[in-house]
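Listed below are the residues making up each chain.
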Amino acid sequence: MDRPKFDDESPPPGDDGGDLDHVLREEDGGTPGPFAGAKVRRKASRYREHRGDYLHVSSRPGLMRILEKQGDTSILFADKVLKFTGSGKMKRRIFILTDFAIYLIDPETEAMTRRIALAAVEKMCLSKLSDNFFAVIIPTEYDLFMASTRKTELVQVMVDVTKSASDYELEVLLSNRFEYNASASLVKEVSFEEAEGGIKTRFKWK
């Protein structure tokens, strides 16, 4: 179910985990790696086995053509996510991670909407709570704010591939309040707090 677009002139209202679960099932999974025990995790996420490509990309010619055109064929993670635009509207996207880049693809047209080189990613931001949201911080471009039911696994794979391909380890910031560049000219602050029945998420225009 698509959520309505928020009014551009005012921050979106408080958001809780229940709204998101209408679109994404509770399936986020992962290993402790970059979280070092600091993050509250769902019980199911501690024991789930991971298989990386949840969309069987190699059997989908349209998706493979996109990757091959960029010289990419090593698929480390693929799944459906929700991407948040600068105005707060949610868009469904296919998220593919290779050993070189992040791909965002429109699931209806199978057209690439964005490609981000992993070398351009500075860090990832997550709350300390058991929600599905995360931000990918890209200093040379605008950032990504997304939601995934397999967030923990996605972040772990990002950390692993960055470490194996370069001399540095991707920073993972765990905080219940952080900022990200929603567009070239728009900075947002997002905060998370536990509330009855879920996690409440609030956005503030900066």
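Quick notes on the rules
- Each chain carries its own residue numbering, running from 1 in the written order of its sequence.
- Per-residue local features of the predicted model are confined to residues with pLDDT of at least 70, and side-chain atom pairs are confined, for both listing and counting, to 80 or more; whole-chain, interface and lining totals are unaffected and use all residues.
- Only heavy atoms go into the side-chain values, all of them from the structure, while hydrogens and water stay out.
- As a per-residue quantity, pLDDT reports the predictor's confidence and falls between 0 and 100.
- Residue contacts follow a heavy-atom distance rule, with two residues in contact if any of their heavy atoms lie within 4.5 Å.
- The secondary structure listing takes helices from DSSP runs of H or I that are at least 4 residues long and strands from runs of E that are at least 2 residues long, numbered from the N terminus.
- Relative accessibility thresholds used throughout: buried, under 20% of the residue-type maximum; exposed, over 50%; partly exposed, between the two (1.4 Å probe, protein chains only).
- The term polar contact refers here to a pair of N or O atoms within 3.5 Å; inside protein, the definition further demands a hydrogen-donor-capable atom paired with an acceptor-capable atom, and it admits residues adjacent in sequence only when both atoms are side-chain atoms.
- The criterion is simple. A nonpolar core is a set of buried Ala, Val, Leu, Ile, Met, Phe, Trp, Tyr and Cys residues joined through side-chain atoms within 4.5 Å.
- Classification of ring pairs uses Phe, Tyr and Trp, with its six-membered ring standing for Trp, and accepts pairs whose centres are within 6.5 Å; under 30 degrees between planes counts as stacked, over 60 as edge-to-face, and the remaining range as tilted.

## Some words on the confidence of the model for the protein
Averaged over all residues, the pLDDT of the protein is 81; the fraction at 70 or higher stands at 76%. Here residues 1-32 is a poorly scored stretch, pLDDT under 50, and it has 82 contacts once near neighbours within four places are set aside; other chains count. Segment residues 41-50 is flagged for pLDDT under 50; beyond a separation of four residues in sequence, or across chains, it makes 23 contacts in the model.

## Remarks on the side chain of Arg93
Of note, Arg93 is situated in strand E3 (residues 90-98). On the basis of relative accessible area, Arg93 is assigned to the buried category, the value being 10%. Side-chain polar atoms of Arg93 contact the side chain of Thr113, separated by 3.4 Å. Not counting residues up to four positions away in its chain, the partners in contact with Arg93 are Asp79, Lys80, Val81, Lys83, Leu104, Ile105, Asp106, Pro107 and Thr113.

## Points about the nonpolar core
Phe95, Leu97, Ile102, Met124, Val136 and Met158 are the most contacted members of the largest nonpolar core, which has 26 residues in total. Secondary-structure elements contributing two or more residues to this core are strand E2 (75-84), E3, strand E4 (101-105), strand E6 (123-126), strand E7 (133-137), strand E8 (144-147), helix H4 (151-165) and strand E9 (171-174). The biggest single contributor to this core is H4, with six residues. Setting aside residues up to four positions removed in sequence, Met124 forms contacts with Phe134, Ala135, Val136, Leu154, Val155, Met158, Leu170, Glu171, Val172 and Leu173. Grouped together as the second largest cluster of nonpolar side chains are 18 residues, Met90, Cys125, Ile137 and Phe192 included.

## Re the packing of aromatic side chains
Using the criterion set out here, one finds 10 aromatic pairs in the structure. Measuring from ring centre to ring centre gives 6.0 Å for Tyr54 and Phe77, while their planes differ by 70°; the resulting arrangement is edge-to-face. Note that Tyr54 is positioned in the loop between helix H2 (43-47) and helix H3 (61-69) and Phe77 in strand E2, a separation of 23 residues in sequence. Just as Tyr54 is buried, Phe77 falls in that class too. Ring centres of Phe178 and Phe192 lie 5.8 Å apart, and the angle between their planes is 35°; this geometry places the pair in the tilted category. Residue Phe178 is found in strand E10 (residues 177-183), and its partner Phe192 is found in strand E11 (residues 186-195); the two are separated by 14 residues along the sequence. According to the relative accessible area criterion, Phe178 is buried, its value standing at 5%.

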